[in-house]
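Structural overview for review
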Amino acid sequence: MTVTVQIKKDRPNYYIVLDYVDPTGKRKRPWISTDIPVKGNNKRLANTKLKEVLTEYESPNIAQNIDFGKDVLFTDFMTQWLETLINSKSIYPTTYDGYKLILNSHIIPYFEPLKIKVKDLTPAHIQKYVNDKMKTLSPNTVIKHLHNISKCLNNAVRQNIILFNPTQRIDKPQKIKYTGAKFYNETQIERLLSSVKGDILETIILFAVFYGLRRSEILGLKWSAIDMENNLFTIKHTMYKGE
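In this report, the structure presented in the accompanying data block is examined. (Residues numbered from 1 in each chain as written. Predicted model: local features only at pLDDT ≥ 70, side-chain atom pairs only at ≥ 80, totals over all residues. Heavy atoms only, no water.)

Re the pattern of salt bridges
Under the counting rule described, the total for this entry stands at three salt bridges. The closest approach of N and O atoms between Asp-132 and Lys-128, which form a salt bridge, is 3.2 Å. Of the two residues, Asp-132 and Lys-128 are both situated in helix H5 (residues 123-133); the distance of four residues between them amounts to about one turn of the helix. Residue class for Asp-132 comes out partly exposed when judged on its relative accessible area of 24%. Judged by its relative accessible area of 47%, Lys-128 falls in the partly exposed class. Via salt bridges that share partners, Lys-128, Asp-132 and Lys-135 belong to a single interconnected network. (Salt bridge = Lys/Arg side-chain N within 4 Å of Asp/Glu carboxyl O. Helix = DSSP H or I, 4+ residues; strand = E, 2+ residues; numbered from the N terminus. Buried < 20%, exposed > 50% of the residue type's maximum accessible area, 1.4 Å probe, protein only.)

Right, dumping it as structure tokens:
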């Protein structure tokens with residue numbers, strides 16, 4: 001298998017292009033769109049994305065072990081695809097949690113009542129999902145949904161369940177440029193600390209507010225990281241779901 005970063009004429013983002021032979025002997029050359037713009041000298045980010053795609057495609061667990069046949073429902077296929085990702089340790093637990101939240105909160109509730117099989121999924125189905133979600137969610141959030149769906153359907157293409165990835169043939173939302181993190185002002189912090197006083201999460205929130213620690217860093221704190229004599233603590237360990 002070979003994987004390269006390519007640019008399409010009149011398209012703003014980089015593409016990952018794979019070239020491989022599937023188990024039936026057919027040559028495949030899918031173009032996988034990224035959300036990484038060509039403008040801005042982002043080739044390094046595109047190459048990082050290339051490595052992620054290569055890892056996913058070369059994993060035998062992902063490429064071969066999902067075998068429902070061509071009559072599998074889209075929601076069932078996507079659920080099993082996600083479980084295979086985490087079981088094969090192809091993604092981090094935190095990434096899995098994010099994917100699963102989107103799947104259970106949005107994708108399954110929307111598609112499950114429709115009973116659409118993977119082989120029958122069309123760009124029109126995906127476009128309608130996007131249009132409906134854009135009524136209540138931000139463009140960047142909907143783009144995350146599409147990213148997850150697209151990764152799953154790339155697997156369906158590799159298994160010859162579908163001929164192409166329908167997410168590549170829709171009008172996608174325009175990504176909103178990131179303008180920096182928003183943070184609480186003094187009044188909001190005082191209200192937050194007042195509302196959690198006595199709560200089981202109070203200590204965790206105090207660490208987050210006063211030291212700017214991530215959730216994984218707070219949960220990973222141990223007594224061995226605390227220097228009582230010098231009033232210091234050191235971030236030596238992080239804790240994720242499943243540890």
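Some details on the environment of Ala-46
Position of Ala-46 among the secondary structure elements: in helix H1 (residues 43-58). You can call Ala-46 buried: its relative accessible area is 0%. Spatially, the C-alpha atom of Ala-46 lies 9.3 Å from that of Asn-13, the residues being 33 residues apart in sequence. Leave out the neighbours within four places in its chain, and Ala-46 touches Val-5, Tyr-14, Ile-16 and Ile-36. (Contact = heavy atoms within 4.5 Å.)

A look at helix H6 (residues 139-158)
Side chains three or four residues apart in an α-helix point the same way, a direct result of the helix having 3.6 residues per turn. Taking 1.5 Å per residue as the helical rise, H6 with its 20 residues ought to reach 28 Å, and the 28 Å between its terminal C-alpha atoms agrees with that figure. In terms of burial, H6 is largely enclosed, as 16 of its 20 residues are buried. (Expected span 1.5 Å × (residues − 1).)

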